[in-house]
Amino acid sequence: MRKLTFTLFFVAISIGAAGNLLVNGSFEQDLSVGWTSYKADPTYGYDSIVRGTGYENDPDYEVYTLSQFGYVTRLYQTVDIPSTSDFTFSIKARINAYDNNADAYCWAASAVVLYYQNAAGATLGETRICRFSAPCPWVSTSTIHLIQAADTLWHTYSFALNAELVNLPGVTPSQVMKVKGCLLDTTYHSC
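Residues numbered from 1 in each chain as written. Predicted model: local features only at pLDDT ≥ 70, side-chain atom pairs only at ≥ 80, totals over all residues. Heavy atoms only, no water.

Participant: Looking at this structure, how should I read the nonpolar core?
Facilitator: One broad trend across soluble globular proteins is that nonpolar side chains are buried collectively. Leu75, Val112, Tyr116 and Val179 are the most contacted members of the largest nonpolar core, which has 29 residues in total. Secondary structure elements with two or more residues in this core: strand 6 (72-80), strand 7 (88-98), strand 8 (107-117), strand 9 (123-132), strand 11 (155-160), helix 1 (161-165) and strand 12 (178-188). Looking at this core, the element that brings in the most residues is strand 7, giving 4 residues. In terms of nonpolar packing, the next biggest core, distinct from the first, is built from 13 residues, Val72, Trp107, Tyr115 and Leu146 among them. (Core = buried A, V, L, I, M, F, W, Y, C linked by side-chain atoms within 4.5 Å. Buried < 20%, exposed > 50% of the residue type's maximum accessible area, 1.4 Å probe, protein only. Helix = DSSP H or I, 4+ residues; strand = E, 2+ residues; numbered from the N terminus.)

Participant: Can you walk me through unusual backbone geometry in this structure?
Facilitator: One can expect most non-glycine residues to show negative phi and most peptide bonds to be in trans. The omega angle of the peptide bond from Ala134 to Pro135 is 0°, so this bond is cis rather than trans. Position of Pro135 among the secondary structure elements: in the loop between strand 9 and strand 10 (144-148). Non-glycine residue Asn24 carries a positive phi angle of around 60°. By secondary structure assignment, the location of Asn24 is in the loop between strand 2 (14-16) and strand 3 (36-39). The exposure class assigned to Asn24 is buried, which follows from its relative accessible area of 8%.

Participant: Just checking my understanding: could you explain the environment of Glu56 for this structure?
Facilitator: With respect to the element layout, Glu56 can be found in the loop between strand 4 (47-52) and strand 5 (62-68). Judged by its relative accessible area of 14%, Glu56 is buried.

Following this line, the structure appears as structure tokens:
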């Protein structure tokens, strides 16, 4: 049986201090503008990243990502940030991870991930706004902060970067020079 995980993301991805630092953060242009996509399964069609207007009741574009049967999808971009002070993140998203319980070792997970990077692009820590099924191994650590979506409805998630970095004691805020925003879907399938 297939494991499914999917995430819907909306127009309001905003990373910035004085405005949006993301290129095409509203998805109003083709995804090749500003974004890099990765599908672990480019051949068999178990992974999808689709831009469209039918995912929410408005005329704006959203992005739908899907991963099935032990694969992964990522849509991401990295931006340089001037500093962590007065830096905010905001997204309106509908996040879901569905597990059809094919066996006790399979799981599904979806997340909006912010990777905090140094000047060389090495990841120092991350925040995941997520949903996942058991037995997904994701846990909060000193460098990973999980914010679990309460349900599968549309919600706006927003925070100041300095306030969020308090949840990551293993990350030195003065070393954060870049933020990589990523829409991630993944599954683990053992059969």
